[in-house]
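# Per-entry structural report
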Amino acid sequence: MDTLLEAPSMAKRPCVCANDPVLRHSHCCINPRVSQSDQMEGLLEAFLELSDSSGRSLHLSFEKLLDSRACDSDQNLLIDRALRLGSALLEAGKRSARKRASIHNSLTWALPPDLTIKVFSMLDTQSLCYTAATCSMFHKCAMDPLCYANIDLTTVVPKVNNAVVSTMIQRAGKVLQSLRLGIVPGPTLSPGSSQPLVYTIRNSVDAAGFSWNDKRSRQGKESSILSRSCLTALSGDSGAAGALLKRLHLYNIERMDNTALCAALSACPSLLDLEIVGLHVELRQTLMSVSTNCHLIERLFFESSKTGRDDSLKSPTCVDLVNNCPNLTSLALRGFKLHDYKVRILVKGFHKLKYVDFSTSYSITGTFLRNLGSSTGGNLLEVLILRDCMHLKEVEVAKFLSAIIAGDFRLLRFLDISNREGLASEGDWYYRCYNSSMIPIKQVSEERPDICLLAEFPSEGSDASLSSQLSSHSSDSSVSMSSSESSYNSDQGSGNEDGRETGYVIYEESSDEVDILAV
């Protein structure tokens, strides 16, 4: 027993791998009770505990490992595995860094997700895209459909394609409220402005700092950026995206045609505000589609891409529009060839109409204004813009202003009768009137100081006649304006021939026109 007590102690010696991470991992690897995941964690921990200065030794060790392989194929395989492992480790590190940053942002960001989404929904579309790229937390909030309820993809130069439009509409889904799309040549104009929004070569040269050569080289590409199918997503998913759309603004989409536009409008039964500028679509077909599908519409703005050459509007189309869209309060038809009796159907028929703009429209002489202020339609007008209407007659303007002085149009607040060519005379529209001696402008200002009246005309004598001025159009005029104006100005009949008009009856209409209907 004593011998046994005096025997050397049998206590375990300390493990030599306790302080060496690599040896500690080797000890774990031969322990069958350690799981594979624990082994992986132990190996990774040992690898990461290597100091930064051990990079050279790591390189030497890898070279020795390569030398231990007998053939080139094994060495190449080892190198590929090392590269894949390094790439996987790098990606894991980046992913963990992003996750930690997201957690940090969520803790330091003052707003909860619902308010963050509310704030993001107030951003314009481009700013929203920049915000989504900031961090994963912002990206998650920016993907909420509410952030895409109001989509604005208008640009000064072409840079948006069909795929972008489709993606944005799909993100919005059923909550889409507003969609603005196309090329706008400059900043948004103030209400009442008659400056054309049609995109032409001339008015796009200075946009975004592009030189003329840059612009010319891009012309072939620009027309294919947005095609006729750019609004197809509105009809997708049984028309869910377009069902609640309230505002649709389309600018200078060159390949948009009647069929594509009408298909898009058929998917937007809740539309309240429609603005169309520079599209190669027909006025008659567009208004028929609006009349058929958009019964709730309140604002319609349509500017022709072919100034003065669209004479497609028929009287029954005007009547249908009036009957099917009774809530219209704002109507702008700019650059079309409109006859007075058709205009009268529209202005007199819409009983809630407050804003009217027929700027740069041809064939309007002003006879539609007769007795308009005392009728059911027309007496609610607040804004009337007849700027640069080529056939607008001085005598009709004078009668209209006299009616204002007499007490009609009590709600009128803005009137623009300016004309860069001067007003047409009573007998011959080629003879232009450049002074306001016949127009009681001063009396209107005295009797109705609440009206803002614009009557800007060229000085008399600066142009002897309209015909001489027409022959001196500068060669650098915009494509759409110069070709359409010369086409129109060669038409020596005004298109109205109001000397024969009696009680606004139909005349000079195509054979497929039917008799006017009472409104």
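Residues numbered from 1 in each chain as written. Predicted model: local features only at pLDDT ≥ 70, side-chain atom pairs only at ≥ 80, totals over all residues. Heavy atoms only, no water.

### Quick word on the pattern of salt bridges
Side-chain pairs of opposite charge can arise where the charged atoms are in close proximity. Definition in use: Just to be clear on terms, a salt bridge is a Lys or Arg side-chain nitrogen sitting within 4 Å of an Asp or Glu carboxyl oxygen. Where helices and strands are cited, they refer to DSSP runs of H or I of at least four residues and of E of at least two residues respectively, numbered from the N terminus. Residue exposure (1.4 Å probe, protein chains only): buried if accessible area is under 20% of the type maximum, exposed if over 50%, otherwise partly exposed.
For the coordinates displayed, the defined rule picks out 15 salt bridges. In this structure, Glu 91 and Arg 95 form a salt bridge, with 3.9 Å as the shortest nitrogen-oxygen distance. Of this pair, Glu 91 and Arg 95 both sit in helix α5 (residues 72-108), 4 residues apart, roughly one helical turn. Taking the shortest distance from any N to any O, the salt bridge between Asp 257 and Arg 228 comes out at 2.8 Å. On the criterion of sequence distance, the pair formed by Asp 257 in the loop between β3 (247-251) and α12 (258-266) and Arg 228 in the loop between α10 (212-222) and α11 (236-243) is long-range, its members being 29 residues apart. With relative accessibility at 26%, the residue Asp 257 sits in the partly exposed group. Taking relative accessible area as the criterion, Arg 228 reaches 41% and is therefore assigned partly exposed.

### Observations regarding the packing of aromatic side chains
Put simply, the rule reads: Any pair of Phe, Tyr and Trp rings, taking the six-membered ring for Trp, is counted once the centres come within 6.5 Å. Such a pair is stacked with planes under 30 degrees apart, edge-to-face with planes over 60 apart, and tilted for the rest.
Applying the stated criterion across every chain, the model contains 5 aromatic pairs. Residues Phe 302 and Phe 336 carry aromatic rings whose centres are separated by 4.9 Å and whose planes lie at 70° to one another, so their mutual orientation is edge-to-face. One end of the pair, Phe 302, is in strand β5 (residues 299-303); the other, Phe 336, is in the loop between β6 (330-334) and α15 (340-349), and 34 residues separate them in sequence. According to the relative accessible area criterion, Phe 336 is buried, its value standing at 1%. Between Phe 400 and Phe 409, the aromatic rings sit 4.9 Å apart at their centres with planes inclined by 65°, giving edge-to-face as the arrangement. A relative accessible area of 4% means that Phe 400 is categorised as buried. Taken together, the ring pairs in this structure connect Trp 109, Phe 120 and Phe 138 into an aromatic cluster.

### Describing the sheet that holds strand β8 (residues 383-385)
Strand pairing in a sheet takes place through backbone hydrogen bonds and is either antiparallel or parallel in direction. Just so we agree on the cut-off: Whether two strands pair comes down to DSSP finding at least two bridges between them. For every element, the axis is a line fit to its C-alpha atoms; helices are fit only across the contacting stretch, and the angle between N-to-C directions ranges from 0 to 180 degrees.
Taken in spatial order, the 10 strands of this open sheet run β1-β2-β3-β4-β5-β6-β7-β8-β9-β12, and their pairing is parallel. The sheet is open, and its two edges are formed by β1 (150-155) and β12 (452-454), each paired on a single side. Within this sheet the neighbouring strands show an average axis-to-axis angle of 5°, counted without direction. Here 3 bridges tie strand β9 (residues 414-416) to β12, and the two strands are oriented parallel to one another. In the sheet register, Asp 416 faces β12, and the bridge partner there is Leu 454.

### Comments concerning the confidence of the model for the protein chain
Note the following rule: For every residue, the pLDDT score states the predictor's confidence, bounded by 0 at the bottom and 100 at the top. Here, two residues are considered to be in contact whenever any of their heavy atoms come within 4.5 Å of each other.
Per-residue confidence for the protein chain averages 77 on the pLDDT scale, and 72% of its residues sit at or above 70. Across residues 200-224, confidence stays below pLDDT 50; counting only partners more than four residues off in sequence or on other chains, it has 34 contacts.

### Points about a nonpolar patch on the surface
Counted only if it meets this: Like-charged residues are merged into a patch within 9 Å and nonpolar side chains (Val, Leu, Ile, Met, Phe, Trp, Tyr) within 5 Å, provided each residue has over 30% relative accessible area and no salt bridge. Note on areas: these come from Shrake-Rupley sampling with a 1.4 Å probe, and a residue is covered only by the protein chains present in the view.
Judged by side-chain polarity, Leu 44, Phe 47, Leu 48, Leu 50, Leu 58 and Leu 89 come together as a nonpolar surface patch covering roughly 500 Å² of accessible area. With 3 residues, the single largest contributor to the nonpolar patch is helix α3 (residues 36-48). Note that Leu 44 resides in helix α3.

### Structural notes on the packing of α12 against helix α13 (residues 283-293)
Under the convention used in this document: When an angle is under 35 degrees it counts as roughly parallel; over 145 it counts as roughly antiparallel; between 65 and 115 it counts as roughly perpendicular; any other value is oblique. Crossing handedness: left-handed means the near helix sits turned counterclockwise from the far one by under a right angle, and right-handed means the same turn made clockwise. When residue character is reported, Ala, Val, Leu, Ile, Met, Phe, Trp, Tyr, Cys and Pro are called nonpolar, Asp, Glu, Lys and Arg charged, and the others, Gly included, polar.
Between α12 and α13, whose axes approach to 9 Å, the crossing angle comes to 15°. If you check the angle between α12 and α13, you find them roughly parallel. Read as a crossing pair, α12 and α13 show a hand that is right-handed. Mapping the contact onto sequence places Asn 258, Leu 261, Cys 262, Leu 265 and Ser 266 in α12 and Gln 285, Thr 286, Ser 289, Val 290 and Asn 293 in α13. Residues that form the contact of α12 with α13 fall into these classes: 4 nonpolar, 6 polar and no charged.

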